[in-house]
Amino acid sequence: MWSPSFTTTTGADDPATAGTNHVPAMGVTHQYHRVSPGVSRIHNGSLTPSSEEPVAHTGTSGLIVLVVLSGCMSSQQVDNTYERFLDHVKQYHYLSGASMMLGWDQRVTMPEGGTPARAKQASALSAVQHDMLTDGDLAAMLDDLEGAVEGERAAIVREMRRSHERAARVPDDLVERLTEASANAHPVWKQAKADADFGQFEETLREIVDLRREYAEAIDPDRDPYAVLVEDYEPYIPLSDIEATLERLREELPPLIDAIGDSDVELANPLEGTYDQDDQESLVREALDTLGYDWDRGRLDTAAHPFSVGTQFDARVTTRFSPDDPLDALGSTIHEFGHASYTLGLPDNEYGTPLGSDRDMTIHESQSRLWENHVGRSLPFWRLFTPAVEDHLGVETEPRALYEAANRVYDDNLIRVEADELTYHLHIVLRWEIERDLIRGDLAVSEVPAVWNDRMEEYLGVRPENDAEGCLQDTHWAGASFGYFPTYSLGSMLAAQLFAAAERDLGPLDDDIENGAFDPLSEWLTENIHQHGCRYTTPALVESATGEGLTADYFLDYAREKYGRLYDLEN
Ligand SMILES: [Zn+2]
């Protein structure tokens, strides 16, 4: 995934701040990575979606009617303005792409010593992008085009309008203060985490929360500030729907996790031991080959916190290797493959416009989790891939054992990025509740550690022994990122919903997966999700792909069935 962050610093040990470039006033730069926010990508969405329906193709007759009604511009004038507007939009996106690749370089290959120069380069690019997004000429063109174009053109106008307004409403000095505060916060957070001492970070966090509240107020003083912040990551799904989903997970997952905890079943772990990085790397490369990664438009590198970044012409993935856990590298790689496959599925001919850009974090994370969980954690996948594991790692095992190893549930785990498919969402619920209350002013910063620990105990039955394994574990808040966490869970819900819809259209996919025939699934995802870019709002895209709104039903059914069987639970 990726996250917004106001820093351009480097050397960070977490993707939220490391090498992220962004356009400050938007506060939206994305990285796609498995464990925390990562790479940068600008996405646009309109502040007030005019329609929840998919946008129709541009129709010439409709265009003429609208022009006559508006009485302002001839269709030739509209075309001319639109061409100028599109050129501006493309230049803006090209610069965003350059920022992203500088961020990749910073996190993957740049020597540490390059930091001061890179920070200045990133900041200069950010400033130019910010100016391009807020300038009066763009505003005038948006005014002229709104209502005068339709179909795909209207979708581009809608997305740029949203980005423009969000950026223009935030004063430059607030942008600068946020950038600076978050740049300064990173080392403070890092030291506090190393010392397991929230007290060292408290004042810094207070400052960041205050600045984020100011930012939300600048964008819209009349709305819930947390709802405004969430829209940096998920612009179109109403917060009430997001919260209802998280509340449902909070209610329905604990009984399942408790039943697993009470189960006598002990899942296999055939990969105990340590494994060479070279062997692990050849294994994950084979996984990427198997899934159909396009090496002509991609590459694999290592990063402390795996992420993915790029365009439809060049979508790169990273992974990490831990000697005693080859499944971590494999899972991370498959997750990032999912992000990259989305990026590669965006239409080539729309590169540089919102139609050739990813929709938002929910959609992005649905793609990574679909491949990671619904493919990579399935029994058919392990029937296919077990020989590769045996070859590369020099072990003798069987598909069922690896399937079990990939699906063990750890109900005593304190760390989000190490969590399994089920307990993961309770980690998200906890963070959502705390950040929401902080931003709404319902929770004092000083109370965060105690509330965190109490809720961990309430939701998962374990209590952190110190702040490092408690409220200091993630970098998001130090990166001034509030409202990002919920998209992780929404992405998982949507992954299950999309997989079910794909199986409705294509028939059961078990045989395809076991046979390594991934094209039908890839093509279904491209056709129903990737190729649309930002043409539709998120709810409209979900509806057109699955026939219904975003729901947790499919994830909960999948979870109960899969883990019920694995752990031999009743019903
Ligand atoms: Zn991700």
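Analysis parameters
Residues numbered from 1 in each chain as written. Predicted model: local features only at pLDDT ≥ 70, side-chain atom pairs only at ≥ 80, totals over all residues. Pairing = 2+ DSSP bridges. Helix = DSSP H or I, 4+ residues; strand = E, 2+ residues; numbered from the N terminus. Axes fitted to C-alpha atoms, helices over the stretch in contact; angles between N-to-C directions. Contact = placed C-beta atoms within 7 Å. Parallel < 35°, antiparallel > 145°, perpendicular 65-115°, else oblique. Left-handed = near helix turned anticlockwise from the far one by under 90°. Nonpolar A, V, L, I, M, F, W, Y, C, P; charged D, E, K, R; others polar. Expected span 1.5 Å × (residues − 1). Bend = angle between axes of the 7 residues up to and from the residue. Buried ≥ 20, exposed ≤ 12 C-beta atoms within 10 Å, placed from the backbone. pLDDT = per-residue confidence, 0-100. Core = buried A, V, L, I, M, F, W, Y, C linked by C-beta atoms within 7 Å.

Taken together, three strands build an open sheet; the order of strands is 1-3-2 and the sheet is mixed. Every interior strand has two partners, whereas the edge strands, strand 1 (300–302) and strand 2 (308–311), have only one. Along the sheet, successive strands turn relative to each other by an average axial angle of 20 degrees, direction set aside. Pairing analysis gives four bridges linking strand 2 to strand 3 (residues 314–319), with the strands arranged antiparallel. Among the inter-strand pairings, serine 308 is bridged to a residue of strand 3, identified as valine 317. Lying on the sheet, helix 11 (residues 326–345) is in contact with strand 2 and strand 3; it crosses strand 3 at an angle near 165 degrees.

Moving on: the packing of helix 9 (residues 239–262) against helix 15 (residues 424–440). The description of two helices packed together rests on the angle between their axes and the distance between the axes. At a minimum axis separation of 10 Å, helix 9 and helix 15 run at an interaxial angle of 130 degrees. As judged from the angle between their axes, helix 9 and helix 15 are oblique. Helix 15 is crossed by helix 9, and the crossing has left-handed handedness. Contacts from Leu246, Leu249, Arg250 and Leu253 of helix 9 reach helix 15 at His425, Leu426, Val429 and Trp432. Grouping the constituent residues of the contact of helix 9 with helix 15 by class yields six nonpolar, one polar and one charged.

Another point: the packing of helix 3 (residues 115–134) against helix 5 (residues 151–169). Two numbers describe how helix 3 lies on helix 5: the axes approach to 8 Å, and their chain directions differ by 110 degrees. Between helix 3 and helix 5, the interaxial angle falls into the category roughly perpendicular. Pair helix 3 / helix 5 crosses with left-handed handedness. Contacts from His130, Leu133 and Thr134 in helix 3 reach Ser163, His164, Ala167 and Ala168 in helix 5.

As a further point, take helix 6 (residues 172–194). The terminal C-alpha atoms of helix 6, which comprises 23 residues, lie 34 Å apart, in line with the 33 Å expected from a rise of 1.5 Å per residue. Remark: the principal bend of helix 6, roughly 30 degrees, maps to alanine 185, with a proline, proline 187, within the next four residues. Among all positions in helix 6, only Val175, Leu178, Thr179, Ser182, Ala185, His186, Trp189, Ala192 and Lys193 are buried. Those residues of helix 6 that are buried are in contact with helix 7 (199–219).

What follows deals with unusual backbone geometry. Of note, alanine 196 is a non-glycine position whose phi angle comes to about 50 degrees, a positive value. Within the secondary structure, alanine 196 sits in the loop between helix 6 and helix 7. With 15 C-beta atoms counted inside 10 Å, the residue alanine 196 sits in the partly exposed group. A positive phi angle, close to 55 degrees, is found at aspartate 568, a residue other than glycine. Note on placement: aspartate 568 falls in the segment after helix 21 (553–566).

All right, on to the confidence of the model for the protein chain then. Caution applies to low-pLDDT regions: their predicted coordinates should not be interpreted in detail. Considering every residue of the protein chain, the mean pLDDT works out to 88; 87% of them sit at 70 or more. Long-range and interchain partners of residues 1–68, a stretch whose pLDDT sits below 50, account for 268 contacts in this model, where long-range means more than four residues apart.

Given 3.6 residues per helical turn, the α-helix brings residues three or four places apart onto the same face. Taking 1.5 Å per residue, 17 residues should reach 24 Å; helix 15 reaches 25 Å between its end C-alpha atoms and fits that length. The buried fraction of helix 15 amounts to 14 of the 17 residues, a majority that puts the element mostly inside the structure. Phi turns positive, to about 80 degrees, at glycine 441, one or two residues after helix 15.

Within strand 3, five of the six residues are buried, which leaves it mostly tucked inside the rest of the structure. Bridge count between strand 1 and strand 3: three bridges; the pairing is parallel. Along strand 3, the bridge assignment pairs aspartate 301 with threonine 318. Count of turn residues in the strand 2/strand 3 antiparallel hairpin: two residues.

Okay, the environment of threonine 487 next. Here threonine 487 shows up in helix 17 (residues 485–506). Threonine 487 sits in the buried class, given 26 other C-beta atoms within 10 Å.

Counting 125 residues, the largest nonpolar core has Ala287 and Phe337 as its most contacted members. The element contributing the most residues to this core is helix 17, with ten residues. Within the second largest apolar cluster, five residues are counted, among which are Met100, Trp104, Ala303 and Phe307.

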